[in-house]
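Descriptive structure summary
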Amino acid sequence: MAYKVAVVGASGNVGREMLKILADRKFPVSEVVALASNRTAGQKVSFGENVVLTIQDLALYDFTGTHIVLSSPGAAVSAEFAPRAAAAGAVVIDNTSHFRMDPDVPLVVPEVNPEAIAGYTKKRIIANPNCSTIQLVVALKPLHEAATIKRVVVSTYQSVSGAGKDAMDELFRQTRAILVNDPIVKEQFTKQIAFNVIPHIDAFMDSGETKEEWKMSVETRKILDPKIKLTATCVRVPVFIGHAEAVNVEFERDMDAEQARQILKSAPGISVLDQRRDEGYMTPLEISGEDSVYISRIRDDPTVENGLSFWCVGDNLRKGAALNAVQIAERLVKDYLK
Ligand SMILES: NC(=O)c1ccc[n+]([C@@H]2O[C@H](COP(=O)([O-])OP(=O)(O)OC[C@H]3O[C@@H](n4cnc5c(N)ncnc54)[C@H](OP(=O)(O)O)[C@@H]3O)[C@@H](O)[C@H]2O)c1
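Residues numbered from 1 in each chain as written. Predicted model: local features only at pLDDT ≥ 70, side-chain atom pairs only at ≥ 80, totals over all residues. Heavy atoms only, no water.

Turning next to the sheet that holds strand β1 (residues 3-8). Each strand in a sheet pairs with another by means of backbone hydrogen bonds, the pair being arranged parallel or else antiparallel. Strand order in the open sheet formed by 6 strands is β5-β2-β1-β6-β7-β8, with parallel pairing between adjacent strands. With partners counted over all chains shown, the strands left at the sheet margins are β5 (56-57) and β8 (125-127), one partner each. Two elements, β1 and strand β6 (residues 68-71), share 4 bridges in a ladder whose sense is parallel. Bridge pairing in β6 places V7 opposite L70. The strands that helix α1 (residues 13-24) touches are β1, β2 (29-36) and β6; relative to β1, the one it contacts most, it runs at about 155°. (Pairing = 2+ DSSP bridges. Helix = DSSP H or I, 4+ residues; strand = E, 2+ residues; numbered from the N terminus. Contact = heavy atoms within 4.5 Å. Axes fitted to C-alpha atoms, helices over the stretch in contact; angles between N-to-C directions.)

Below you can see the structure in the form of C-alpha cells.
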C-alpha cells in the first residue's frame, strides 16, 4: 500500500529535512503535500531529486484522504490544526511540544519504546520528543536495561538550528557583523549568540529551571522509566547544526566504562567513536547529515557508586526531529495501517 502524506511546516528546517528523508528512505507515498503558512504558500520545495512541490496554505487544506501528517509548524499551530487533521482520518506525527505530555498521546523514539505507538488510536496523534531528549534516551535505553539508571545529570550544547531557520540566520548575521564591525542585531536570542554561549533555552519556570530543561526530565521519564531522576542544564552554542551533551549517569547495579562501551556498540541507532587520543571523539560539525547518535569519551565516574560519564552528539534536525518522525511513520505503516 502507498500513503498520502502531508508535511506541515514544509518551508522550515525540520519540514525540509522530513521531505528529504521521506524521499531518501523511499517511504511508500502515493502523494506528498507540502503545507505551511500563507506567508510561503505558492513557494516551491524539493521532494527528492526530481519532484518539486508547491507549498499550500495549511489553513485552507482539507485533510480528508490524507493518511499521515508529519508536522512541525510550532506548538500553537499544531494545537489548532492536529485535532482537525485527526478528525478527518489522518494520523498526525507531531514534532512540537504541544501534545508530548498528554497521557492519551504516545511519545515515541522507535529504538526505545516502539510499542507505545499502539496508543495512537486514542487521539490519532503521536508526539515526537524534544531533540535533546531523543538522542539522550537512545543512549540511555541499553544502559538502563543492563544496570537500571537511578539518576542522570546532563549538560547540553545545543545548536541554533534547534530554534528554527531565523535563528540560524541570526548567528550568521551576527558573526558577519562582528567581523566587519557592524552593529549587532538581537531578535531570536535574548543575548548575542555569535562568539558566546547562552544558558537559556525556552521560557523560565517558577522552579528556576527552563522549560527545555524540564522537558528533558519529564519526557525521559515518559519514554523510558518514570523512576529515573534527571537534572539538565540546557545551553545554546554558536553551532549551526548538531546538539552535544555531556552526560553523567548513576546506576543501581554494576556498570563500568568497558561494559558500557560494549553495550552501546551493539545498540540500535548508536555509533561509538571513543579513542583516547587527539580527534578520537565526535563533534557536531562532523555528524551533521548523519542518522546515528554518536557516543564518545566513555569513562568511569569514581565519585559515585556505579557512575559513568560520556559525550553524546546527534543531528538535531535528523534524529532529533525529522528522522525520528519518519521512523515512527515507518513503524506505523508496517504494524498498524496495513
Ligand atoms: N529544529 C529542531 O531541532 C527541532 C527539533 C524537534 C522539534 N522541533 C520543533 O519543530 C517545530 C518547527 O521547527 P523548525 O526548526 O522547522 O522551525 P522553522 O525553521 O522556523 O520552521 C517553521 C515552520 O512552521 C511553519 N509555520 C509557522 N507558522 C505557521 C502557521 N500559522 N501555519 C502553517 N505553518 C506555519 C513555517 O511556515 P512559513 O515559512 O510559512 O512561516 C515553517 O515551515 C518547532 O515547534 C520546534 O520546536 C524542532
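Attention now moves to the site of the ligand. Around the ligand sit 26 residues in total, of which S11, N13, V14, S37 and T40 are the nearest. S11 is positioned such that a nitrogen or oxygen atom in its side chain is 2.5 Å from an oxygen atom of the ligand. Within the backbone of V14, an N or O atom sits 2.9 Å from an oxygen atom of the ligand. Isolated, the ligand exposes 900 Å² of accessible area, and the fraction of that covered by the protein chains is 81%. Among the elements of the structure, α1 and α8 (318-335) are those that each provide at least two residues to the shell around the ligand. Residues belonging to the shell around the ligand are distributed by class as follows: 9 nonpolar, 15 polar and 2 charged. (Near = heavy atom within 4 Å. Polar contact = N/O pair within 3.5 Å; in protein donor to acceptor, adjacent residues only side chain to side chain. Areas by Shrake-Rupley, 256 points an atom, 1.4 Å probe, with all protein chains shown as cover. Nonpolar A, V, L, I, M, F, W, Y, C, P; charged D, E, K, R; others polar.)

This part takes up helix α5 (residues 211-223). The end-to-end C-alpha distance of α5, which contains 13 residues, comes to 18 Å, matching closely the 18 Å that a straight helix rising 1.5 Å per residue would cover. Within the span of α5, buried status applies to E212, E213, K215, M216, S217, V218, E219, T220 and I223. Contacts from the buried residues of α5 go to α3 (131-147), β9 (149-158), β10 (229-236) and β11 (243-251). (Expected span 1.5 Å × (residues − 1). Buried < 20%, exposed > 50% of the residue type's maximum accessible area, 1.4 Å probe, protein only.)

Centre distance and the angle of the planes are the two values used to describe a pair of aromatic rings. On inspection of all chains with the given rule, the structure shows 5 aromatic pairs. For the ring pair Y61 and F63, a centre distance of 4.8 Å and an interplane angle of 85° mean the geometry is edge-to-face. One exposure class covers both Y61 and F63, and it is buried. Connected via pairs of aromatic rings, a cluster forms that spans Y61, F63 and F81. (Phe/Tyr/Trp six-rings, centres within 6.5 Å; stacked < 30°, edge-to-face > 60°.)

The next subject is the side chain of D94. You can see D94 is positioned in strand β7 (residues 91-94). There is no salt bridge for the buried D94, and the closest opposite charge comes from R100, which lies 6.7 Å off by N-O distance. Only 2.5 Å separates the side chain of D94 from the side chain of S71, close enough to count as a polar contact. Within the structure, the side chain of D94 is placed 2.7 Å from the side chain of T96, a separation counted as a polar contact. (Lys, Arg positive; Asp, Glu negative; His and termini not counted. Salt bridge = Lys/Arg side-chain N within 4 Å of Asp/Glu carboxyl O.)

Turning to the sheet that holds β10, a few remarks are in order. An order of β10-β9-β11-β14-β13-β12 is seen for the 6 strands of this open sheet, with the pairing classed as mixed. Edge positions in the sheet fall to β10 and β12 (270-272), since each has one partner strand and no second. Each neighbouring strand pair of the sheet contributes to a mean axis angle of 25°, computed without reference to strand direction. Relative to strand β14 (residues 307-314), strand β13 (residues 293-301) runs antiparallel, the two being bridged by 6 bridges. Residue pairing in the sheet places Y294 in a bridge with V313 of β14. Contacting β12, β13 and β14, helix α6 (residues 257-265) crosses the sheet at an angle of about 165° to β13.

A cluster of nonpolar side chains, I178, L179, V180, I184 and F195, forms an exposed patch at the surface whose accessible area comes to about 470 Å². Inspection of the secondary structure puts L179 in helix α4 (residues 165-179). (Patch = residues over 30% accessible without salt bridge, like charges linked within 9 Å, V, L, I, M, F, W, Y side chains within 5 Å.)

Residues F63 and F310 are the most contacted members of the largest nonpolar core, which totals 55 residues. At 8 residues, the largest contribution of residues to this core is made by α3. Once residues within four sequence positions are removed from consideration, F310 is found in contact with A139, L140, L143, E245, A246, V247, V249, I295, S296, R297, I298 and R299. M18, L22, I68 and L337 belong to the second largest nonpolar core, which has 37 residues in total. (Core = buried A, V, L, I, M, F, W, Y, C linked by side-chain atoms within 4.5 Å.)

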